[in-house]
Amino acid sequence: MKIIKSFLLACLVLFFALLVFFFWAKQSQTEMAQYDQITHLSRPLDILPDTFSVMTYNLGYGSGMTNNLPEDRPASLFENNMQNAAGLLNIIQPHIIGFQEIDFNSERSYYLNQMIYLAEKASYPFAAAAVNWDKRYVPFPYWPMKYHFGEMLSGQAILSQLEIISNQRMVLPFPDNNPFYYDSFYLDRLAQITWLKNGSDSILLVNVHFEAWDGPTREIQAELVLDIFKEFEDRYAIFLIGDFNCNPPFDSLAMNEKTIETFQRHPSISFAIDEASYRNSPREFFTFDSRNPNIKIDYIMYNNRFVDCIDANVVHEAGNISDHLPVVAWFVFKI
């Protein structure tokens, strides 16, 4: 009987310890008021040049091909990858870039604010953050425990040569079938809605990171982002960029969902890498994974009422900075 009582007491203590850990770990480490901050570093451009460039890059927090895997990630890995990312931006010099999976103050990437680091190293005068993952402790990857991400402050970001005049985060729906304990530690999926000042006019940039594991949820998220586009399409140049986590409907292995088709069928939306180019050479435009690209899930879309795309490509030169490859496109305003 004593053994049974001791066992039950130990189980009770363990249960309460796990309960305390659960409620502590899922708490935020920063104030929600700081989730959509704009940082002004230097003097911006007053207006874009005649030809300007837009880039999207799921940075994978600079973890290369180790992202989400239970592997050692030494500080040198991040130092080298962030230096390479800054070098890449200095070579390509996109006027506007949207990042996904960029860390602001996370244990897993040695507490480097990657947004500010890249803005300073690549001379961007404005940066805007959209926090989507703020936890005191993230117990993932699950095992071994030494590979847990730990303290987490991560999300999406815009770097811009233009002045950023407004920045908001729109939290997108979660999958309905996620258990509560999973959602307690899961990142928010966001649309980062950012307005840029271009001379006397404005540009709207919507930077997204859609749900990765649930197609029906992605379809709902796509409809919500399309609603943002529709609200402003008559008045402004708009760019929809980011990691949509879905391959195009014109791919030979297309998923049976309407996420990308939602945008494709809207007459004012065009794709920087269009269907004809993709069908002609699909492998050239795959964005994931960076070691052996086999699918396109990262996109730049735009409002064809105001701008024309003159060229676009996947930046294979990025190598394994991330498990994604960036996409860059060049535009001109319609006269």
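Structure's up top.
As the structure is a prediction and not an experimental result, all values here were calculated from the model.

### Overview of the sheet that holds strand 9 (residues 237-243)
Pairing is mixed across the open sheet formed by six strands, whose spatial order is 6-7-8-9-11-10. Each of the sheet's edge strands pairs with one partner strand only, and the pair in question is strand 6 (163-172) and strand 10 (269-271). Recorded for the sheet is a direction-independent mean angle of 20° between the axes of neighbouring strands. Across eight bridges, the pairing between strand 7 (residues 189-198) and strand 8 (residues 201-209) is antiparallel. Pairing of Q192 across the sheet is with N207, part of strand 8.

### A short note on the packing of aromatic side chains
The tally for this structure, following the rule as stated, stands at 22 aromatic pairs. Chaining the aromatic ring pairs together yields one cluster made of Y61, F78, Y110, W133, F140, Y142 and F149. Sitting over the ring of F149, R108 keeps its end group 4.8 Å from the ring centre. Its guanidinium or amino end placed over the ring of Y299, K296 lies 4.6 Å from that ring's centre, counting from NZ or CZ.

### Concerning the layout of surface pockets
Sizing a probe to match a water molecule and rolling it over the atoms shows the empty space that remains. Considering only enclosed or pocket space, the largest pocket measures out at about 820 Å³ in volume. Lining the largest pocket are 32 residues, and of these N68, F140, Y186, R189 and W213 lie nearest its centre. Of all the secondary structure elements, the ones that give two or more residues to the lining of the largest pocket are strand 4 (126-138), strand 5 (150-160) and helix 4 (180-183). Top contributing element to the lining of the largest pocket by residue count: strand 4, with three residues. Looking at the lining of the largest pocket residue by residue, the classes come out as 16 nonpolar, ten polar and six charged. The volume enclosed by the second largest pocket comes to roughly 200 Å³. Around the second largest pocket sit 15 residues that line it, and S28, Y35, D134, K135 and D188 are the ones nearest its centre. With five residues, the single largest contributor to the lining of the second largest pocket is strand 4. In terms of residue class, the lining of the second largest pocket is built from six nonpolar, three polar and six charged.

Scoring rules and cut-offs
Residues numbered from 1 in each chain as written. Predicted model: local features only at pLDDT ≥ 70, side-chain atom pairs only at ≥ 80, totals over all residues. Heavy atoms only, no water. Pairing = 2+ DSSP bridges. Helix = DSSP H or I, 4+ residues; strand = E, 2+ residues; numbered from the N terminus. Axes fitted to C-alpha atoms, helices over the stretch in contact; angles between N-to-C directions. Phe/Tyr/Trp six-rings, centres within 6.5 Å; stacked < 30°, edge-to-face > 60°. Lys NZ or Arg CZ within 6 Å of the ring centre and 35° of its normal. 1 Å grid on protein atoms, 1.4 Å probe; cavity = no way out; pocket = protein on both sides within 12 Å on 5 of 7 lines; lining within 4 Å. Points joined across faces, edges and corners; volume = space filled by probe spheres on them. Nonpolar A, V, L, I, M, F, W, Y, C, P; charged D, E, K, R; others polar.

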